[in-house]
Amino acid sequence: MEKNLTTGSVLKTVLYFSLPYLLSYFLQTLYGMADLFIIGQFNGVESTTAVSIGSQVMHMLTVMIVGLAMGATVMIGQAVGANQKEQASHAIGNTILLFMTLSLVLTLLLLLFVRPIVQVMATPIESVSGAIAYLTICFIGIPFITAYNIISSILRGMGDSKSPMYFVALSCLANILLDYLFIGLLGMGAAGAALGTTLSQTLSVLFALCLLLRKKAKIQIPLSFKELRPRKSILLGLLKVGVPVALQDGFIQISFIVITIFANQRGLNDAAAVGIVEKIIGVLFLVPSSMLQSVSALCAQNIGAGRHERARLILYYASAMAILWGAAAVILMQLDAERFIGWFSDNQTVVLLGGQYMRGYVWDCILAGIHFSFSGYFCAYGWSGISFLHNSLSIVCARIPLSYFASRYFTNTLFPMGLASSVGSGVSVLICVGVFLWLNQRQQKQQRQEKQQSLAG
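Conventions adopted
Residues numbered from 1 in each chain as written. Predicted model: local features only at pLDDT ≥ 70, side-chain atom pairs only at ≥ 80, totals over all residues. Heavy atoms only, no water. Helix = DSSP H or I, 4+ residues; strand = E, 2+ residues; numbered from the N terminus. Buried < 20%, exposed > 50% of the residue type's maximum accessible area, 1.4 Å probe, protein only. Contact = heavy atoms within 4.5 Å. Areas by Shrake-Rupley, 256 points an atom, 1.4 Å probe, with all protein chains shown as cover. Salt bridge = Lys/Arg side-chain N within 4 Å of Asp/Glu carboxyl O. Expected span 1.5 Å × (residues − 1). Bend = angle between axes of the 7 residues up to and from the residue. Core = buried A, V, L, I, M, F, W, Y, C linked by side-chain atoms within 4.5 Å. Phe/Tyr/Trp six-rings, centres within 6.5 Å; stacked < 30°, edge-to-face > 60°. Axes fitted to C-alpha atoms, helices over the stretch in contact; angles between N-to-C directions. Parallel < 35°, antiparallel > 145°, perpendicular 65-115°, else oblique. Left-handed = near helix turned anticlockwise from the far one by under 90°. Nonpolar A, V, L, I, M, F, W, Y, C, P; charged D, E, K, R; others polar. Lys, Arg positive; Asp, Glu negative; His and termini not counted. Patch = residues over 30% accessible without salt bridge, like charges linked within 9 Å, V, L, I, M, F, W, Y side chains within 5 Å.

### With respect to the overall build of the protein chain
1) Next: Each helix and strand counted, the protein chain has 16 helices and zero strands in total.
2) Next: Looking at the 457 residues of the protein chain, the share that counts as buried comes to 58%.
3) Next: Looking at the protein chain alone, contacts between residues at least 24 apart form 84% of all its contacts between residues at least 6 apart.
4) Next: As displayed, the protein chain has an accessible area near 18800 Å², and 68% of this comes from carbon and sulfur atoms.

Below is the structure:
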């Protein structure tokens, strides 16, 4: 299951590793989209809004867990690249210990604060009970979400991006079937959507554990219960990379939630339109998101092996692929956004507002693809603080204030609110490119100095 990613064609390596990532993200995105699509067939706008708001909260929690797991992917990847088996096994054991403890604490806290969370989201009164039911059930499933991401981050750090794809494929299929059972046949509404999601995630984890036990002999890194013993240096290393990424992803999602609150305050139709577009954008963001994770895992192994030029080539190829995808998404949505919005609602007002929001938001697919790739590169070096910085500045200086301004002064259209997110990503791109050029110059200067010292010696 361990795979060396430091040799061979860079383009082929990026494609080979990122494609399973892309498919995994696509299948995960189908979770929320399936919930919205199916509940839209059997229930009204109030249930659609409840699931939209609840799934947005869960998405924020999930991406923060994934962000924190970046520390494991990077640490394991660097150890594998440097052929340090013992260090890799220590990182795996402490990752399991850290995340399972965190998931239990998080579950208890969130269950206590489910009602305040729904209130903070400015949930329309018609959707409050559904949102509470949805979040309560999903919060109970947090340990399973965490377990899936632990296993996935470990495998990806070892160069295996295919197995996590198989795990989520089973979960996605189960979720769709269970949604039709609980929402359609049993009429459970938003609670049924949450129950289907939670049970399908449980199945995914059980399948992952069974597959790992079958392939245990193929794992070249020794694993045992003694690796669960806390090691301060390992835990600090995991947190050093993971915490800034988790906070960054959390701030990004909070900014989206704030935008959702702005939309909710404008009325039920605006809230439903924004919620639907967020789900579609989730699909369009598959390539940028897969590039972030792929670049971090691929570059980590190459950095561990001392192949820094190859790491830069990985960044260039990933950015180019993300830009091409984003350009295609922009063209498609500018031509016929309403068709896609109409898949989730037959309310013509919702469709019209959703088309407006999408046409402004979709430009973010290009810009986010660029700064996501740079973030993956920075994280692979352990510089996740840079990623946190540029995202925080883009949120505080552009995304939230511009969204607020648009919501207050452009009351007849959602287009400016959508465009605010794109402007925020533009700020991130400028910062990323500037920091990359500065770091590159610094590295080259250090290399010249080291070369001169070696010649003088």
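Read on, since the account is not over.
### With respect to the pattern of salt bridges
Opposite charge on two side chains makes pairing possible when the charged atoms of those side chains draw close.
1) Next: All chains considered together, the criterion is met by three salt bridges.
2) Next: Between Arg312 and Glu309 there is a salt bridge, with its nearest N and O atoms 2.6 Å apart. In this pair, Arg312 and Glu309 both sit in helix α12 (residues 308-341), three residues apart, roughly one turn of the helix.
3) Next: Across the pair Asp336 and Arg339 runs a salt bridge, and its minimum N-O distance is 2.6 Å. Of this pair, Asp336 and Arg339 both sit in helix α12, three residues apart, which is roughly one turn of that helix.
4) Next: Residue Arg339 is classed as exposed on the basis of its relative accessible area, which comes to 55%.

### Focus: helix α7 (residues 163-185)
1) Next: Taking 1.5 Å of rise per residue, the 23 residues of α7 would be expected to cover 33 Å, and the 33 Å separating its terminal C-alpha atoms lies within 8% of that figure.
2) Next: Where α7 terminates, the next one or two residues include Gly187, which has phi positive at roughly 65 degrees.

### Here we look at helix α9 (residues 232-264)
1) Next: Here α9 spans 45 Å end to end across 33 residues, near enough to the 48 Å set by a 1.5 Å rise per residue.
2) Next: Taken as a whole, α9 carries its principal kink of about 30 degrees at Gly242; the proline Pro244 stands between one and four residues after it.

### Re the nonpolar core
1) Next: Membership of the largest hydrophobic core comes to 82 residues, with the highest contact counts inside it found for Met58, Tyr134, Leu135, Phe139 and Met358.
2) Next: No other element matches the 13 residues that helix α2 (residues 45-81) contributes to this core.
3) Next: For Phe139, the contacting residues outside a window of four places in its chain are Val57, Met58, Leu61, Thr107, Leu110, Leu111, Val114 and Ile117.
4) Next: Grouped together as the second largest cluster of nonpolar side chains are 30 residues, Val287, Cys299, Ala300 and Ile303 included.

### Focus on the environment of Ser290
1) Next: Considering the arrangement of structural elements, one finds Ser290 in helix α11 (residues 286-304).
2) Next: Note: C-alpha distance between Ser290 and Leu23 (267 residues apart in sequence) is 8.8 Å.

### Focus: the environment of Ser255
1) Next: Tracing the sequence through the fold places Ser255 in helix α9.
2) Next: Exposure remark for Ser255: the relative accessible area of 0% places this residue in the buried category.
3) Next: Residues Ser255 and Val396, 141 residues apart in the sequence, show an inter-C-alpha distance of 8.8 Å.
4) Next: The contacts of Ser255, once residues within four sequence positions are left out, are Ile395, Arg399 and Ile400.

### Side note on the packing of aromatic side chains
1) Next: Taken as a whole and judged by the stated rule, the model has 14 aromatic pairs.
2) Next: On the basis of an interplanar angle of 75 degrees and a centroid distance of 5.5 Å, the ring pair of Tyr357 and Tyr361 is categorised as edge-to-face. Of the two residues, Tyr357 and Tyr361 are both situated in helix α13 (residues 348-361); the distance of four residues between them amounts to about one turn of the helix. Exposure class is identical for Tyr357 and Tyr361. Each is buried.
3) Next: For the pair Phe405 and Phe410, a centre-to-centre distance of 6.2 Å together with 65 degrees between the ring planes defines the contact as edge-to-face.
4) Next: Classification of Phe405 as partly exposed rests on a relative accessible area of 43%.
5) Next: Residue Phe410 is classed as partly exposed on the basis of its relative accessible area, which comes to 37%.
6) Next: Grouped by ring-pair contacts, the aromatic residues Tyr316, Phe374, Tyr377, Phe378, Tyr381, Trp383 and Phe436 constitute a single cluster.

### Details of the packing of α11 against helix α14 (residues 364-380)
1) Next: Running from amino to carboxyl end, α11 crosses α14 at an angle of 25 degrees, the nearest separation of the two axes being 7 Å. For the element pair α11 / α14, the angle class is roughly parallel. Along this stretch, α11 crosses α14, giving a crossing that reads as right-handed. In contact with Pro288, Ser289, Met291, Leu292, Val295, Ser296, Cys299, Ala300 and Ile303 of α11, α14 contributes Cys365, Ala368, Gly369, Phe372, Ser373, Ser375, Gly376, Tyr377 and Ala380.
2) Next: For the contact of α11 with α14, the per-class residue count stands at twelve nonpolar, six polar and no charged.

### Comments concerning the side chain of Arg399
1) Next: As for its placement among the helices and strands, Arg399 is situated in helix α15 (residues 384-409).
2) Next: Nearest to the buried, unbridged Arg399 among oppositely charged side chains is Asp364, at 4.2 Å.
3) Next: When sequence neighbours within four positions are dropped, the list of residues in contact with Arg399 reads Ser255, Phe256, Ile259, Asp364, Ser394, Ala420, Ser421, Gly424 and Ser425.

### Things to note about a nonpolar patch on the surface
1) Next: A contiguous nonpolar surface patch, about 510 Å² in accessible area, is contributed by Tyr166, Leu170, Leu203, Leu206, Phe207 and Leu209.
2) Next: Only α7 and α8 (189-214) provide two or more residues apiece to the nonpolar patch.
3) Next: Of the residues forming the nonpolar patch, the biggest block, four residues, is contributed by α8.
4) Next: With respect to the element layout, Leu170 can be found in helix α7.
5) Next: Residue classification places Leu170 among the partly exposed residues on the basis of a relative accessible area of 36%.

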